[in-house]
Structures are given as C-alpha cells and as structure tokens.
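Read off the chains here:
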Amino acid sequence: MYSIISIYFGRFLKIFFQILLVVVPVSLLWFFMRPGIEISGISISNPLYSRFDLLVILILFFVAFSLMSFMVFLAFSIYLTYRRERVNKKIQSLNRIFVIMIVNYLFSDRYREGAERKAFCRRIKKLAPGKLRTEAFFTAITGIQETITIDCSADFRNLISEIGLDRRIYRFLYSFNLSDRIIAMRVVSYLRITHEGFLKRIEYYSSKKNFALRTEAYAALIRLMEKDYHLVSFIGNRHKLSMLDINVIVNAALKNKKVEIDYQALLSSPLVRKVVVGLMLAKYRYRKDSKSLVLILNQVGSPDPLLNMLAWDALLNLVPKHEGIDIIIDRFDKESEEIKLMILKNYHGVRDKRFFDFLREVIIKEPLFVKIEAMNILFRENFDYLREFMKTGNPEIEMAFKEVTDLHIN
Amino acid sequence: METGTPIHFYINLFFLVYGSLLFLSYLFVGIFSSYELSFYMKRNKYFNFKLVPGYKLLPSISIIAPSYNEDKGIVENIRSLLSLQYPKIEVIIVNDGSTDSSLDLVIKQYELVRVDYAFREHVKTAKIRGIYKSVNSAYSNLLVIDKENGGKADALNAGINISRSELFLAIDVDCIIEPDAIPRMLKPFLEEQDGRKVIASGGVIRVANSCKIENGRIVKVNFPENLWAEFQVLEYFRAFTLGRMAWSRINGLLIISGAFGLFDKQVVLNAGGYDTTTVGEDLELVVRMRRYMHDVEKQPYKVAFIPEPLCWTEVPSSLRVLSRQRKRWTRGLIDTLNKHKTMFLNPRHGHIGMISFPYWVFFEWLAPLVEVTGIIYFTIMLLLGRINIQYYLLFTALIFSFALLYSSFAVFYEKYLFARYTGFKFLLRIIMISFLEIVLYHPLNMFFSLMGNFEFFTGKDKKRWGTMTRKGFNSKK
C-alpha cells in the first residue's frame, strides 16, 4: 500500500512540476501585460505597464525569458557534467563490486549460512539503497543469470528477500517509468518469481501498445514458462507481431530449455505470426514428429511471402537432403526468386543425377542470380555439367558462368 | 512603432509575422524533440543491441561507400567498415574515377583481384571499369567497384546495382561508424508492424575533427581545435538532436544525411535510384521515396531517425571549403524543392505536403533571403530615421537571446542524453561558440546561402560538387 501511494505521489509531483513550468511563465506574461492584479485584497501593481508600450513589455519579457532559460540550461549542463562524471564512476565501480560479490556468493560455500552469510547480506544491503544502486544491483544479477547456464534463480530470490529488496521489485514493476518496468520484468523472469500479481502485470504489459514494454514482457513470460500453453496463448493474440517481437520470442524460447513447444498448436494456428514463430522454433528446436512435418509442408506455397519462406527454410533443414529433392523439383517453378535462391543455397553438397539435371534446367530458364547459385553447386559437385554452358550465346548465362568460375578460381 | 507610410507598415508587419512564425517553429521543434528524445531513450535504455546480430530473422545489408580521391584515409576507413558486427553484410566501395592512388592502395592492402561479377543495371550509371574481390577470406564480404567519374549519386547507384542485399547503408567512405550503429539503425525496420513500412532510417552525424582514432574506431572524442569545425559541432547538435528528431516525431523528416542512411533497396529502386542531375541527392531521394509511397504504393510508411551519435565525419575546417559545401547544399535544396513543387501545400501528400514541404520552402530556403533583406531594410530605415531605434535594438536583443536559448537547449540535451564530449573545458568553449555563432558563423552561412541561390538561378556551377579537402584521420591526438 505504502509503495503504491509513494509511486502515485511521485508521479503527481512530477506532473505538478511540469504544469508549474508552463503555468509560471504564462502567468508572469499575463501579469506584465496588465496594470496590476489583486489577490485576496492585496494589490500588486505592474511597474512596467505605465512606462512602456505593450509591445515593448512583450519583447522584454521574451528576452528575459530566453536569457533566464539560457542560464538554466547552462547551469543544468554544468551540473550534468559534474554529476555524470561522478555517477559514471559510481555505476562502473558498483557494477564491478556487485558482480564480484554475487559471483562469490553463488560459487562459494562460506556464504551458504551462518555469520558469514549475515555479514554478506549486511554488506550488500549497505550498498544497495537508493534507486541508482538498486538498479545497478538488479542489472548485475540479471546480467549474471543471462550469461551463465546454471539456474541460480533460487539463490538470487533468497538473497533479495534477505536484504529486503523484494519491495523494490514491486515498485519498479508498477512504476510509471518505462525503464523501471523493463528492469523489473527482467528481474522477475530471470529470478523465476512466479507471484500471481507479477505474472498478471507482465501479461498486462504484453498487451500494451508500447513496443519496448511489450517485447520485454514477451521475453519475460517465455523465460518464466515451464510448459508451452502460455507460449501458444499469448503470442500475437492482441498485436500483429513485428520482426523484432518474433526474434525476441524465438531467442527467449530457444534459451529456455524447459519450455516444451507444442509445434502443432503453433503451426495450425489461424494467426499468421503464430505460425511464423512455430516455423522458426521448428527449424531451431525440432522434435521429430511427423504431424508437425505435415503442418510445415502445408505452409509451403503460402500466399504470405514470409510464411512461405520460413516454411521452406524449416523444411530444408528438417528433411534429409536426398528426400527433399522431389519436393524441390515439384515446387521450384512456382516460387519467387528469393525463395529459389534460398533453396539452392541450402542444397550445396548434394550429389544426385536428378538434381544435376534439374540444375541444368534452372540455369537455362531462371533469372540471373538463380543461375549463379545453380552454377555454384555444379562447379563444386559436378563440373562436367557446367562445361556445356561455357559458350551458349546467352549473355546472362555467360555472365553467370564468368562470375562463378572467376570467384571459384580466385 | 513608427509605421510611416502604409507600405512601410505592411513591410514591417510581414517581417514581424515571418519572424514570429520562425520562432514558433523553433519552439515546436524544441517541444517535439524533447518529447521524442526522452521517449526514445527510455525505450532503448535496456535494449541489448549486441543481441541483434544473433537474431534468427534478419535482413541482409550492403554498405555502399562512394570514394573520390580519398587516399589519405581509405584503407583505415574500409577496415572500420569491415569490423562492423552483423551476420549478413557486404561492404561495397565505389571508386568514382579517383585520380589519386586510392584504388591501388586498396587493391594492395586488401589483396584484391579483378573478377567478372554479374549484376543487373537497374539504374543507368557511368561505365564500370572493373569489380574487385579479395583473395583473402578475411575480406570475403568486400567488393570494390572501379568506375568512371559520375558524381556521388552515380556512384551510389552503381553500388545499388551491384548490391544483392535487401537494405543498403549509404555512407561517406571517410566516416567512422560506431560499432553498434547497424543494429541501432536496423531496429526501426525490425519494428515494422500494422503494415506501416519503414523505408529508411537516418542517424546522427558528429564532427570527427581532432578526435582520437585508432584502427578505424573513435577512441576519444575531442572538441575540435579549428574554429570552423567548432561552429559545426554546435550546428550539428541543433540540426540533428533537435531538428530532425522533432520532424521524426510527426513522420515528417525530409532528409537523411548522405553521409549515413539505411534504405530499403527495393523502394529506392522503384523510386528510380539516386538522382544524378542534382547536388542534393540525399534530400531529393527521401522526398522522391515519400512521393512514390504516396502516389504509387499508397501504403503507410515511415522514415525513422535515430538520435544517437552513430557516425563521425570530418567537416570542413577552412572557410573556402565550408563555403563550397554550403553553397552546394543550398543549390541541392532549391533543386529538390523545384523538382517536387507539386507537393507544396498539396493535401494529397498528407502532412508532408502540408507541413514539411512548406516548412522547407519558407524556413529552410527562404529564411536566409528574408533575413538578409530584413537586415538591409531595417538598417536603411534606421539610417533614414524611419523606425524607432528602441524597437530596433529590442528586436535584435530578442533574436540574439533566442539564438542563445536554442543553442544552450541543444547543448543541454547533448550533455543529458549522450555526453560524448566531456569536461568543463568543452562546456566553456561551446558557450563561447554559441555567442560567436550569432555574430560570425550565422551571417556567413546566410551569405553562403545567398551565393548558392545566385549560383542556382544564374545557372553558374549549378551541378558542381566542389572539392572537399580532407586532412584524414591518421594523426592520433
């Protein structure tokens, strides 16, 4: 309760000062443009009004306002120059100290219990008060957990509760400040704090319009997941996912080895972006399952170019190369130049007569860059096929041939 | 105020209204940029840009760097470009018919051999004499194109023709790029959603004169020792940190600096590539791309801007070179405005036609002309005793104080958000420069702008680039 009141009070003060910043100059201008004012019976006269024209007063006001603002900005710049140097040094040393202390805490038995542990907690507690220091502490623990593969979340949770920083997580998560919310979500997810209220809050942030907040919320939720039902339920339900969202989700899911991905639910979703995530995860973390493979195959030839491309990408990586040749020969003509290029780039190292014959056709019929890629394969795998294209009279084939031979020989 | 005859009254009123509108525009720029800057910083404070190259779904990028007689720093500059961390990247250096030894130096240093490299000529360019690739696998993503001289736009077009990537980063070869510049510039493209296509993104350019550079990296940022470069530091603070950020807020940005911009290659090609008939090819391209998106694609789009200093360049350090550059900028500006004049106050082009384009006409092109006319007019009137000296001095004081306020605001934001220049000495010098700028640099810029107008309308040197004499970055400070 205290935290909520202080968050809202802080917010109120900030808005109040912002309003004051606008109201004070406007009120002063209003005052100087009048002969005087009367407040609660006290009259204050404007000495400039009788001496100068209104235009002169107006100009003088703006000159004074500009000069004063100049002085204020100057003073702030000087203060920042002084403060920045101090804070930078402080943050650097705090980060260093926290990282060293926490690594010691994690990997040394002496801090497990007893007086040494109490003394350690006291030392951290002494270092951690104040927003800047708490931020440095949170950054250090999330950074460590992000880097190492061992799950130290329980140790971190114990440490935080012993030094009494759990309330800070709450304050940060419910703060009006975007960067506070982001760091809080990181702490909650890396420390696997599965408090219902926190989870609801993060889920709420995952549905927000704000990009940075939403993306971080996705990553946090995935880090917290043990089963996949959540992954399926929240991805792309409220927002059309951007490439950044997709990359963040996929990376977070790939890092969290505990997540069991339900490929079928993702791949059979009516939401395109959900299928995109499913295809990418299938490519990088596939569990052998014929049903999923059929679903991936169903996406090949999709009218959505991204979906089609990712379906091909997943398929080419999951199906053994000799088995994929038939699919390629069957569908190649129907695909865009971009996908044709991607298919061929994935099919180096295949030594199959049917495939070589197919490549010969590709060189004759397809656009320049596809020709080049097909020739690249033939140059490495079967140069005899390439020999016939040395002199064809077709300028594009000759251009492609020259590039391939030139680059390989050089 | 003594108005004299009615004609004087109307002339005075015109200057008053124009000046007030100009001040108001600066005020709005200040407010919008503050809002956008603080939002950008909060949004990106904890975003780990180092993770971006590890993403699974990324577009490929070509860095295209035209080069003309850059033998002093080209080897170092290419090294800087090659060291950028991104999985799908190619570096294309376009030697635009240099007459110095730059091509030989690059061939020797990077073990290049001439190859038959296939490409489609989407945009017509001057004849390509040869394409070079390295035999050293460490430089496998480096391509050097040797072509006949055709100007910067033509060189960029040649690079686009050769490029096989989805996006391209157009930069000046003498620029030093921050190590995380590409992920930062790329982020708006990755954030595309709701069918709103990002067609280009631009970044902040900073002055590299006097900075300490090692292995193609800025290792210490120093405030320039040359007076003209010092003025340009302040000018770049104001133009990039405040001006462009504000226009980005309302998606009204009309320029992405030719020295550093990431573009969607297909949109650029569909729009026709760089215009080789103008000297303001960077401004012209963005205006044409916007026009293309409005008229042809009819799709929501965005030109993004990254307020962080990502690219460092050597600026003119002599008055002669500075005057050439500014005259060229003015000619390029007028040419672009003239070429796309149908966009002016055209509601079909949304707020580009109704706000950005008119702003550029009234306050970027006409402001120096109005200012010089105003100074001459009021000085004559003052000498003839037709205006009140009190008002003359008061208005002058207002202009000076407002200029100081604007400069201090820009410096404050630089200190608050980026703090690339450190120490009190910098602050002291930039304040002195802010005062000097009003009485020395600004009038000079007005003069150069007038000369640019004269050259454009008389047809003299209309398409001439002029030479940029560089000192190179080899000297370590």
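Quick caveat: nothing in here was measured; it's all calculated off a predicted structure.

*Asks:* Whenever I open this one, the overall build of chain A confuses me. Can you help?
*Replies:* The helix and strand inventory of chain A stands at 21 helices and two strands. Here chain A has a C-alpha radius of gyration of 32 Å; the compact-globule value for 410 residues is 22 Å, and the former is much larger. Dimensions of chain A, computed from C-alpha atoms along their principal axes, come out at roughly 100 × 75 × 45 Å. In chain A, which comprises 410 residues, the share counted as buried stands at 31%.

*Asks:* What exactly am I supposed to notice about the overall build of chain B here?
*Replies:* A count of helical and extended segments in chain B gives twelve helices and twelve strands. The C-alpha radius of gyration of chain B comes to 23 Å, within 12% of the 23 Å expected for a compact globule of 477 residues. If one aligns the C-alpha atoms of chain B with their principal axes, the spans along those axes are about 80 × 50 × 50 Å. Within the span of chain B, comprising 477 residues, buried residues form 45% of the whole. Restricting to contacts in chain B with at least 6 residues of sequence separation, those with at least 24 account for 79%.

*Asks:* Sorry, what's going on with the nonpolar core here?
*Replies:* Counting 212 residues, the largest nonpolar core has A:Val188, A:Ile249, B:Ile64 and B:Val286 as the members making the most contacts within it. Those residues in contact with B:Ile64 that lie beyond four places of it in its chain are B:Ile92, B:Val94, B:Leu156, B:Gly159, B:Ile160, B:Ser163, B:Phe168, B:Leu169 and B:Ala170.

*Asks:* So what exactly am I meant to see when it comes to unusual backbone geometry here?
*Replies:* A negative phi angle is the norm for most residues apart from glycine, just as the trans form is the norm for most peptide bonds. For A:Arg192, which is not glycine, the phi torsion reads 50° and is therefore positive. Its identity as a non-glycine residue notwithstanding, B:Asn69 has a phi of 50°, on the positive side. Relative to the assigned elements, B:Asn69 resides in the loop between β1 (61-67) and α2 (74-82). The exposure class assigned to B:Asn69 is partly exposed, which follows from the 18 C-beta atoms found within 10 Å.

*Asks:* Teacher, can you tell me more about the confidence of the model for chain B here?
*Replies:* It should be kept in mind that the predicted coordinates are not to be read in detail where pLDDT is low. When pLDDT is averaged across chain B, the result is 90; 95% of the residues are at 70 or more. Quick note on the complex model: pTM equals 0.86, ipTM equals 0.84.

*Asks:* Got a minute to help me understand helix α2 (residues 54-107) of chain A in this structure?
*Replies:* Owing to its 3.6 residues per turn, the α-helix aligns residues three or four sequence positions apart on the same side. In this model α2(A) runs 75 Å from its N-terminal to its C-terminal C-alpha over 54 residues, within 8% of the 80 Å that 1.5 Å per residue would give. Taken together, the buried positions of α2(A) are occupied by A:Ser66, A:Phe70, A:Phe73, A:Ser77, A:Leu94, A:Phe98 and A:Ile102.

*Asks:* Would you explain the packing of α2(B) against helix α3 (residues 102-109) of chain B in this entry?
*Replies:* Two numbers describe a pair of packed helices, the interaxial angle and the distance between the axes. Residue and element names in this part refer to chain B. Between α2 and α3, whose axes approach to 9 Å, the crossing angle comes to 50°. One element, α2, and the other, α3, form an angle in the oblique class. Considering only the axes of α2 and α3, their crossing is right-handed. On α3, the residues touching Ile-74, Val-75 and Ile-78 of α2 are Ser-102, Leu-105, Val-106 and Gln-109. A class-by-class count of the residues in the contact of α2 with α3 yields five nonpolar, two polar and no charged.

*Asks:* Is there a simple way to explain the interface of chain B and chain A in this structure?
*Replies:* As a measure of interface size, the accessible area lost when the parts come together is often cited. The partner chain A presents 42 residues to the 42 residues of chain B that form the contact. At the level of secondary structure, the elements contributing two or more residues to the side of chain B that touches chain A comprise α1 (6-44), β3 (112-115), α5 (181-190), α11 (389-418) and α12 (424-458) of chain B. Ranked by residue count, the leading element in the side of chain B that touches chain A is α11(B), at 14 residues. Here the side of chain B that touches chain A is built from residues that sort into 25 nonpolar, four polar and 13 charged.

*Asks:* Even after reading the chapter, I still don't get the pairing of strand β10 (residues 217-220) of chain B, so can you show me in this structure?
*Replies:* All names here are of chain B. Looking at chain direction, strand β9 (residues 212-214) and β10 are connected through three bridges and run antiparallel. Looking across to β10, one finds that Lys-212 is bridged to Lys-220. Here β9 hands over to β10 after two residues, with Asn-215 in that stretch at a positive phi of 50°.

*Asks:* What's the story with the sheet that holds β3(B) in this structure? I'm lost.
*Replies:* Backbone-to-backbone hydrogen bonds pair the strands of a sheet. The strands run either parallel or antiparallel. Residues and elements named next belong to chain B. Within the open sheet, the ten strands sit side by side as β3-β4-β5-β2-β1-β6-β11-β8-β12-β7. Their pairing is mixed. Whereas interior strands pair on both sides, the edge strands pair on one side only; in this sheet they are β3 and β7 (176-177). Pairing of β1 with strand β6 (residues 167-171) involves four bridges; the strand directions are parallel. Considered in β6, the bridge of Ile-63 is made with Leu-169.

*Asks:* Is there a simple way to explain the domain arrangement of chain A in this structure?
*Replies:* Residues and elements named next belong to chain A. With domains assigned, chain A is organised as domain 1 (1-27 + 65-193), domain 2 (225-319) and domain 3 (324-410). Measuring from the centre of the C-alpha atoms in domain 2 to the corresponding centre in domain 3 gives 30 Å. Facing the ten residues of domain 2 at the interface are nine residues of domain 3. Class assignment for the residues of the side of domain 2 that touches domain 3 results in seven nonpolar, two polar and one charged.

*Asks:* Looking at this structure, how should I read the environment of A:Gly393?
*Replies:* Residue position: A:Gly393 is located in the loop between α20 (383-387) and α21 (395-409). Taking the C-alpha atoms as reference, A:Gly393 lies 16 Å from A:Pro367; in sequence the two are 26 residues apart.

Cut-offs applied
- Residues numbered from 1 in each chain as written.
- Chains lettered and ligands numbered in written order.
- Predicted model: local features only at pLDDT ≥ 70, side-chain atom pairs only at ≥ 80, totals over all residues.
- Helix = DSSP H or I, 4+ residues; strand = E, 2+ residues; numbered from the N terminus.
- Rg over C-alpha atoms; globule rule 2.2 N^0.38 Å.
- Buried ≥ 20, exposed ≤ 12 C-beta atoms within 10 Å, placed from the backbone.
- Contact = placed C-beta atoms within 7 Å.
- Core = buried A, V, L, I, M, F, W, Y, C linked by C-beta atoms within 7 Å.
- pLDDT = per-residue confidence, 0-100.
- Expected span 1.5 Å × (residues − 1).
- Axes fitted to C-alpha atoms, helices over the stretch in contact; angles between N-to-C directions.
- Parallel < 35°, antiparallel > 145°, perpendicular 65-115°, else oblique.
- Left-handed = near helix turned anticlockwise from the far one by under 90°.
- Nonpolar A, V, L, I, M, F, W, Y, C, P; charged D, E, K, R; others polar.
- Pairing = 2+ DSSP bridges.
- Domains from an automatic or database assignment.

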